[in-house]
Amino acid sequence: MFRIKNKFLRKIIFTIIIFFQTTVMFSDNVNRNKPPKSLNRKISINIKNPEFFQMKNGLKVLVSENHKLPLVRVTLELDCDPFLEKDKAGIKKVFGQMLRSGTKNYSKKKLDEIIDYLGISLYTSFFETSISTLKKNLDKSIFIVSDILMNSKFDNSKELEKIIKQRIVDIDLSEKDPSAILQRVRNVLYFGKDHPYGEYETYDTIKNITLNDLKKLYNKYYVPNMFYLSFVGDISKKEAKKLCDLYFSKWEKKSDISDSFDTPPIKKEFVVPTETEIDIVDVPSLTQSTICFGGPVCLRKNDPIYFSSVIANGILGGGAQSRLFLNLRERKAYTYGAYSVLKHDKNIGYFSVYTQVRNNVTEKAIRDILKEIVEIKNHKVSYDELNIKKNEIIGQFILDLEDPSRIGDLFICELKNNLPNGFYKDYLNKIQSVSVEDVYQSCKKFFSIRNGRIIIIGKADDILPKIKELGYPIRYFDQFGSFLKDEK
């Protein structure tokens, strides 16, 4: 069996396969009143379990060997609960950039020179630091990563000033971008400003961040017992252990980290409207309406209903063959695209439908969105739809596994989310086992037009007369999610 290296060619072949499978499903010889026999077939995928060990300092290490290419990807992922940034909102974004601003061993300039010389692909954020490197440069690359994680100084005031200026430019741009406005307002209305998912950065909160704030964050969270370290590629467990002993054994574990940074408990309950309402952010310069409908939901990956919910959302709004896309784009030509998201999260997720349409069809698009949600909730999907979506999900999952680093990410995800052992090895069979009834139950649980929010970023004068005909209460908010007034 040969492996096609060109990603674009692989996608073309995958699309052709799905086309022929779909054609067979819709042929006149198919009995659509019975589930196809293929739904019951077992699919086996050859995912080798990574090697696992834990260091004395609490650092958890996974090793996934793949010797096809002399490349290694090394990733350190922080495992912590979300927390409020409050008057320092935006500090995690700044922190990720400041990780490259200098260590006890190297200045920022010297660090950049070494990274360029070694040809390392380095990524840093608050939650993740990763490198991709040639095997021959692995030892030096690991030293650089360990130095960043263990010895960052956060004393480069010039770099902090530069980053803050850039963040302010980004904020200024986001205040003019309807998609960015929608995301910010949606998060505030779904979760509230007093929840980590509802916070947003402003000029004041960004300017309020100091080097000392970054040091406090670093001292609390950057400890080995809060990290997963993964090696993926041309490396063995023995080699990984040697590198860990050499570069991470002196990283000191902390057992009491509660006093170094304020992290109040996460709010679990959310205020939802007593009835569906329309929330408008008036931007007079816009000629299109950016629309979102939905609200917060509780869905975790370890829920029994998870797999059927993935398929249910896929049929409703996941891709070019989804109901929303086929209706709003293909049949009505209201938009270039319409899609839905059913977000899983171990704390709180959300269900949302998104689209962007011309001002004069805003009301019609909303009616069609609500109509599709009601239809999929009240009537079971067909076996054809179910099987097509299963094939799409299975094909994409297999395609994703072409990237060896993806395998390491999946196993870390299992550990961080307390998923059953072998969750991803059995992923395709779990998808295959979903029935029409399972999808129906997921639709009934998560897809509802009651107590939802219809958020519109658009020109109120153009859309209001027709919007009133929907019969829902209308409220106005500013671009930061603060309530302004009710429409009378």
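Note that the structure is predicted; figures quoted are calculated from it, not measured.

Regarding the overall build of the protein chain
Part 1 of the reasoning: When you go through the protein chain residue by residue, the secondary structure sums to 17 helices and 13 strands.
Part 2 of the reasoning: Looking at the protein chain as a whole, 52% of its 488 residues are labelled buried.
Part 3 of the reasoning: Excluding contacts between residues fewer than 6 apart, the proportion of contacts in the protein chain whose partners are at least 24 apart in sequence is 80%.
Part 4 of the reasoning: Taken as a whole, the protein chain presents about 24,700 Å² of accessible surface, with 52% of it coming from carbon and sulfur.

Some details on the layout of surface pockets
Part 1 of the reasoning: By volume, the second largest pocket amounts to about 1,600 Å³.
Part 2 of the reasoning: Lining the second largest pocket are 46 residues, with Lys92, Phe127, Pro196, Tyr197 and Asp345 positioned closest to its centre.
Part 3 of the reasoning: Contributions of two or more residues to the lining of the second largest pocket are made by strand E3 (71–78), helix H2 (91–98), helix H5 (157–174), helix H6 (178–191), strand E10 (349–358) and helix H14 (404–416).
Part 4 of the reasoning: Top contributing element to the lining of the second largest pocket by residue count: H6, with 6 residues.
Part 5 of the reasoning: Considered class by class, the residues forming the lining of the second largest pocket number 17 nonpolar, 12 polar and 17 charged.

So, the sheet that holds strand E6 (residues 227–233)
Part 1 of the reasoning: Taken in spatial order, the 6 strands make up an open sheet running E1-E2-E6-E3-E5-E4, and their pairing is mixed. Edge positions in the sheet fall to strand E1 (51–54) and strand E4 (121–124), since each of these pairs with one other strand and no more. Neighbour-to-neighbour, the strand axes of this sheet turn through a mean angle of 10°, independent of strand direction.
Part 2 of the reasoning: Bridge analysis of E4 against strand E5 (residues 128–134) gives 4 bridges, and the strand direction is antiparallel.

What to know about unusual backbone geometry
Part 1 of the reasoning: A positive phi angle is found at alanine 333, which is not glycine, with a value near 60°.
Part 2 of the reasoning: By the secondary structure assignment, alanine 333 is in the loop between helix H11 (323–331) and strand E9 (338–343).
Part 3 of the reasoning: Positive phi, normally seen in glycine, also occurs at asparagine 418, with a value near 55°.
Part 4 of the reasoning: For asparagine 418, a relative accessible area of 65% translates into the label exposed.

Observations regarding the packing of helix H4 (residues 138–151) against helix H9 (residues 237–247)
Part 1 of the reasoning: For the pair H4 and H9, interaxial distance at closest approach is 10 Å and the crossing angle is 40°. In terms of orientation, H4 and H9 fall into the oblique class. Crossing handedness for the pair H4 and H9: right-handed. The residues of H9 that touch H4, namely those facing Leu138, Asp139, Ile142, Phe143, Ser146 and Met150, are Leu243, Leu246 and Tyr247.
Part 2 of the reasoning: For the contact of H4 with H9, the class distribution of residues is 7 nonpolar, 1 polar and 1 charged.

A few points about the sheet that holds strand E7 (residues 277–282)
Part 1 of the reasoning: An order of E9-E10-E8-E11-E7-E12-E13 is seen for the 7 strands of this open sheet, with the pairing classed as mixed. Edge positions in the sheet fall to E9 and strand E13 (483–486), since each has one partner strand and no second. Here the average twist between neighbouring strands, direction ignored, is 20°.

As for the nonpolar core
Part 1 of the reasoning: If you look at the biggest cluster of nonpolar residues, it comprises 63 residues, and the most contacted ones within it are Tyr427 and Phe447.
Part 2 of the reasoning: Apart from residues lying up to four places away in sequence, tyrosine 427 is in contact with Tyr306, Phe307, Val310, Ile393 and Phe397.
Part 3 of the reasoning: If you look at the next biggest cluster of nonpolar residues, it comprises 56 residues, including Phe95, Ile115, Ile164 and Ile171.

Observations regarding H11
Part 1 of the reasoning: Among the residues of H11, Arg323, Leu324, Phe325, Asn327 and Leu328 are the ones counted as buried.
Part 2 of the reasoning: Contacts made by the buried residues of H11 are with helix H10 (306–317), E9, E10, helix H12 (362–378) and helix H13 (383–400).
Part 3 of the reasoning: In the segment just after H11, alanine 333 is the residue with positive phi, at about 60°.

What about helix H8 (residues 211–221)?
Three or four residues apart is the spacing at which side chains of an α-helix point the same way, because the helix has 3.6 residues per turn.
Part 1 of the reasoning: Regarding H8, the residues found buried are Leu211, Asp213, Leu214, Leu217, Tyr218, Lys220 and Tyr221.
Part 2 of the reasoning: Contact partners of the buried residues in H8: E3, H2, H4, H5 and E6.

Some thoughts on the pattern of salt bridges
Part 1 of the reasoning: Counting across every chain of the model gives 28 salt bridges.
Part 2 of the reasoning: A salt bridge links lysine 176 to aspartate 172; the shortest N-O distance between them is 3.1 Å.
Part 3 of the reasoning: Residue classification places aspartate 172 among the partly exposed residues on the basis of a relative accessible area of 31%.
Part 4 of the reasoning: Between lysine 332 and aspartate 368 there is a salt bridge, with the nearest N and O atoms lying 2.5 Å from each other. Within this pair, whereas lysine 332 is found in the loop between H11 and E9, its partner aspartate 368 is found in helix H12, the two being separated by 36 residues in sequence.
Part 5 of the reasoning: Linked by salt bridges that have partners in common, Glu277, Asp279, Arg453, Arg475 and Asp486 make up one network.

Here is what the cut-offs are and how they apply
Residues numbered from 1 in each chain as written. Predicted model: local features only at pLDDT ≥ 70, side-chain atom pairs only at ≥ 80, totals over all residues. Heavy atoms only, no water. Helix = DSSP H or I, 4+ residues; strand = E, 2+ residues; numbered from the N terminus. Buried < 20%, exposed > 50% of the residue type's maximum accessible area, 1.4 Å probe, protein only. Contact = heavy atoms within 4.5 Å. Areas by Shrake-Rupley, 256 points an atom, 1.4 Å probe, with all protein chains shown as cover. 1 Å grid on protein atoms, 1.4 Å probe; cavity = no way out; pocket = protein on both sides within 12 Å on 5 of 7 lines; lining within 4 Å. Points joined across faces, edges and corners; volume = space filled by probe spheres on them. Nonpolar A, V, L, I, M, F, W, Y, C, P; charged D, E, K, R; others polar. Pairing = 2+ DSSP bridges. Axes fitted to C-alpha atoms, helices over the stretch in contact; angles between N-to-C directions. Parallel < 35°, antiparallel > 145°, perpendicular 65-115°, else oblique. Left-handed = near helix turned anticlockwise from the far one by under 90°. Core = buried A, V, L, I, M, F, W, Y, C linked by side-chain atoms within 4.5 Å. Salt bridge = Lys/Arg side-chain N within 4 Å of Asp/Glu carboxyl O.

Such coordinate-based values are descriptive only and should not be taken to indicate function.
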